[in-house]
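Architecture at a glance
In case you want the letters, here they are:
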Amino acid sequence: MSSDSRETPCVVQLAGVGKYYRIYARPRDRLRQLLLGGLSSRRRYYREHWALKNIELSIAPGEVLGVIGRNGAGKSTLLQLVAGTLSANAGKLSVRGRVAALLELGSGFNPDFTGRENVYLNAAILGLSRREIDAAFADIVAFSGLEASIEQPVRTYSSGMTMRLAFSVATHVFPDILIIDEALAVGDGEFARKSFERIMAFKEAGKTILFCSHSLYQVEALCSRAIWLDEGELKADGPPADVTMAYSDFLAARSQPANALPSPQEAQTPAAGAGKARFTGITVAVRPSGDENAPWSERPSLRVTSGKDDIAVHLAFASDPALPPPVVAVCFLGSDGQIISSTSTQLDGLDLDCDAAGRGAARVVFPRFPFLKGNYWVSAFLFCERGIHVYDHVAYAAEISVRQAGLEQGIVALERQWEAEKPGSSAGT
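The following paragraphs examine the structure supplied in this document.

Analysis parameters
Residues numbered from 1 in each chain as written. Predicted model: local features only at pLDDT ≥ 70, side-chain atom pairs only at ≥ 80, totals over all residues. Heavy atoms only, no water. Pairing = 2+ DSSP bridges. Helix = DSSP H or I, 4+ residues; strand = E, 2+ residues; numbered from the N terminus. Phe/Tyr/Trp six-rings, centres within 6.5 Å; stacked < 30°, edge-to-face > 60°. Buried < 20%, exposed > 50% of the residue type's maximum accessible area, 1.4 Å probe, protein only. Lys NZ or Arg CZ within 6 Å of the ring centre and 35° of its normal. Salt bridge = Lys/Arg side-chain N within 4 Å of Asp/Glu carboxyl O. Axes fitted to C-alpha atoms, helices over the stretch in contact; angles between N-to-C directions. Core = buried A, V, L, I, M, F, W, Y, C linked by side-chain atoms within 4.5 Å. Contact = heavy atoms within 4.5 Å.

This next bit is on the pairing of strand 10 (residues 277-288). Where strand 10 and strand 13 (residues 309-319) come together, 11 bridges link them in antiparallel fashion. Residue pairing across strands places Arg287 opposite Asp310, the latter belonging to strand 13. Here strand 10 runs beside strand 11 (residues 297-298); their pairing, made up of 2 bridges, is antiparallel. Bridged to Val286 within strand 11 is Ser297.

Okay, here's the thing in structure tokens:
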């Protein structure tokens, strides 16, 4: 990113930054390096694996930077360098302001200390004074919901309780820079909703956020800018839509499906309860186009004629009545798992309604379904009212088998208009 530092001073600046790890072929080589390696600068019992190579990156105040890339691309290493938990082997790194990092939640907790003792320890590590911790302690505990367990050793906590306390501490230090690795919200149900809202509040307050995720949809929805790392190198830097498209093309060329929406593993189906929402029914139906009197046929596997039959997707849901009405999304997947097309009530400007019990439904119709011959799948997502946080996901809700009359090739039939032009005439517009 090029900018005049006098006008918009960067809060994070990396100039030629590189980071390598020592890889030992055998455990004993580590000891040999410790004992003998120092005797000669040429003696080396390891090889260097460069996780980051010559990274040039500037981040301005208030930017929300998405970090994408395959596993092992260097994403976590970059975030740890900015967080200060790792040191670079090459180049120069500068960070201005207080940093809170949600990397491995709870990794810095002492299991033999109580929750209270760990709050004071971790808040102090994050830069708060004793007086500041005293003032924030009650809010930290209340947000975590662990009032009844705060005086117990952390080793007695479940992993979910530890995550909640760590998240609460990290987000109560009022950082200038918030780093989030792979988790937009933590925990289940009500706390997942609270943690998501806390992160969105940081964004709306103009805080700088570094957000690492495999969910390209969330990167596009949340971030103002994105970077793509691969094998330790910066491959792209720019608007999220452009960077995620380049990354998706890269994955497609290697036959690795790039899901633009969270995968089934990322979006676990919650049970009904506080702060939660879930699908209660999904049906997909087909009807001959142009015949409004014809009945809709509802089956898990549908046969559709391309460009002639209508498809309708009906989605019913139940949510916590205290929540705003959710956003419903539908996407079509190819046989290789890649998303071909998607839409949502938010994208199309439809606000849903819920009854007093939190129940609601939506229906979307795709007239004269334009996909060409092939087999496709319908998946559905239930998002929060912002269209980012996932409440529920039903993958492969129905299969659609499309047949066609003509020889047109591809995935979708586009509407078009042909005109015959006289020889020698200029091309029309």
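Let's shift gears to the packing of aromatic side chains. For the structure on display, the rule yields 16 aromatic pairs. Taking 5.6 Å as the distance between ring centres and 65° as the angle between the ring planes, the aromatic pair formed by Phe332 and Phe371 counts as edge-to-face. With Phe332 in strand 14 (residues 327-333) and Phe371 in the loop between strand 16 (359-366) and strand 17 (374-383), this pair connects stretches of sequence that are 39 residues apart. On the basis of relative accessibility, which here comes to 2%, the residue Phe332 falls in the buried class. Among the residues examined, Phe371 registers a relative accessible area of 5% and is labelled buried. Members of the aromatic cluster, each reached through a chain of ring pairs, are Phe332, Phe366, Phe369, Phe371 and Tyr376. Positioned above the aromatic ring of Phe191 is the side chain of Arg164, whose terminal nitrogen or guanidinium carbon lies 5.6 Å from the ring centre.

Ordered by their spatial adjacency, 4 strands build an open sheet running 11-10-13-16, and the pairing between neighbours is antiparallel. A strand with exactly one partner marks an edge of an open sheet, and here the two such strands are strand 11 and strand 16.

This brings us to the pattern of salt bridges. All told, the structure shown has 17 salt bridges when counted by the stated rule. Close ionic contact of Arg44 with Glu48 constitutes a salt bridge, the shortest N to O distance being 3.6 Å. Asp355 is the partner of Arg359 in a salt bridge, and the nearest nitrogen-oxygen pair spans 3.3 Å. Three or more residues are tied together by salt bridges with common partners; here these are Arg193, Glu197, Glu204, Glu385 and Arg386.

Here we come to the sheet that holds strand 18 (residues 390-403). Strand order in this open sheet of 5 strands is 12-18-17-14-15, and the pairing throughout is mixed. One side of each edge strand has no neighbouring strand; the edge strands of this open sheet are strand 12 (301-305) and strand 15 (339-344). Between one strand axis and the next, the sheet turns by 25° as a mean value, whatever way the strands run. Two strands pair when backbone bridges link them, and strand 12 and strand 18 are joined in this way by 5 bridges, in the parallel orientation. Within the sheet, the bridge partner assigned to Leu302 lies in strand 18 and is Ile400.

As a further point, take the nonpolar core. Membership of the largest hydrophobic core comes to 75 residues, with the highest contact counts inside it found for Val304, Ile311, Val313, Phe332, Phe369 and Ile400. Setting aside anything within four residues of it in sequence, one finds Val304 in contact with Val286, Asp309, Ile311, Phe369, Ile400, Ser401, Val402 and Arg403. Val17, Ala73, Leu78 and Ile177 belong to the second largest nonpolar core, which has 23 residues in total.

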